[in-house]
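# Results of the structural survey
Spelled out, the chains give:
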Amino acid sequence: MITAQADRVRAHVFLCLLAYYVEWQMRQRLAPLLFFDEEWLEPDSEDSVVVPIKSDTPATRKAATKRTQEGWTVQSFRTLLTNLSTICKNRVQPKLTGVSVSFDKLTTPSALQQRALDLLGVALTL
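First, a word on what this report is: a plain description of the structure on this page. (Residues numbered from 1 in each chain as written. Predicted model: local features only at pLDDT ≥ 70, side-chain atom pairs only at ≥ 80, totals over all residues. Heavy atoms only, no water.)

As a further point, take the overall build of the protein. Broken down by element type, the protein carries 4 helices and 2 strands. When burial is assessed residue by residue, the protein has 17% of its 126 residues classed as buried. Long-range pairs, those at least 24 residues apart, make up 49% of the contacts in the protein between residues at least 6 apart in sequence. Accessible area of the protein: about 9,700 Å², with a carbon and sulfur share of 60%. (Helix = DSSP H or I, 4+ residues; strand = E, 2+ residues; numbered from the N terminus. Buried < 20%, exposed > 50% of the residue type's maximum accessible area, 1.4 Å probe, protein only. Contact = heavy atoms within 4.5 Å. Areas by Shrake-Rupley, 256 points an atom, 1.4 Å probe, with all protein chains shown as cover.)

The structure is reproduced here in structure tokens:
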């Protein structure tokens with residue numbers, strides 16, 4: 001009985017770590033669209049104990065203008081995922097007598113959604 005519970009705990013911890021890793025990978029790849037940049041963490045010099053914020057970097061410009069270099073509105077990770085969640089696949093089955101045809105229809109992603117999918121390396125297919 002104890003081994004079954006220990007296995008469940010291990011499985012739960014594994015799934016939590018896997019989910020965190022997937023989120024981390026997504027944040028890294030979607031960084032051009034998000035309020036997230038590694039540049040904030042780069043020190044000016046190796047001698048300094050305190051890391052000063054650089055005054056003119058792409059990250060500071062993005063934070064100030066709320067726009068990416070490509071002109072997109074900068075997103076939070078949550079709002080971008082919410083935006084991506086509107087992409088769906090619908091099964092269309094017309095009710096015509098004597099015809100039993102059905103097909104799948106995928107919603108067309110917006111330009112921002114397509115850019116995010118491109119950054120993630122995901123292609124939508126039926």
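Burial in helix H2 (residues 58-65) covers these residues: Ala59, Thr60 and Lys62. Projected onto a plane normal to the axis of H2, the buried residues spread over an arc of 160° and lie on a single side. At the C-terminal side of H2, lysine 66 shows a positive phi close to 60°. (Arc of directions from axis to C-beta.)

Moving on: a nonpolar patch on the surface. A contiguous nonpolar patch, built from Phe14, Leu15, Leu18, Tyr20, Tyr21, Val22 and Trp24 and spanning about 760 Å² of accessible area, is present on the exposed surface. Topologically, leucine 18 is positioned in helix H1 (residues 2-29). Under the relative-accessibility criterion, leucine 18 is labelled partly exposed at 39%. (Patch = residues over 30% accessible without salt bridge, like charges linked within 9 Å, V, L, I, M, F, W, Y side chains within 5 Å. Salt bridge = Lys/Arg side-chain N within 4 Å of Asp/Glu carboxyl O.)

In this structure, arginine 27 sits in helix H1. Considering only alpha carbons, one finds arginine 27 and phenylalanine 77, 50 residues apart in sequence, at a separation of 7.2 Å. When residues no more than four places from it in sequence are discounted, the contact partners of arginine 27 are Leu34, Phe36 and Phe77. At 2.8 Å, the side chain of arginine 27 forms a polar contact with the side chain of glutamate 23. (Polar contact = N/O pair within 3.5 Å; in protein donor to acceptor, adjacent residues only side chain to side chain.)

Let us now look at the environment of serine 110. With respect to the helices and strands, serine 110 occurs in the loop between strand E2 (103-106) and helix H4 (111-120). A residue is classified by how much of its surface remains accessible, and serine 110, at 34% relative accessible area, is partly exposed. Between the C-alpha atoms of serine 110 and isoleucine 87, which are 23 residues apart in sequence, the distance is 9.1 Å.

Attention now goes to the nonpolar core. With 12 residues, the main nonpolar core is built from Leu30, Leu33, Leu34, Phe77, Leu80, Leu84, Ile87, Leu112, Ala116, Leu117, Leu119 and Leu120. Listed by contribution, the elements that provide at least two residues to this core are helix H3 (77-84) and H4. Top contributing element to this core by residue count: H4, with 5 residues. In this structure isoleucine 87 touches Thr107, Pro109, Gln113, Leu117 and Leu124, once residues within four positions along its chain are discounted. (Core = buried A, V, L, I, M, F, W, Y, C linked by side-chain atoms within 4.5 Å.)

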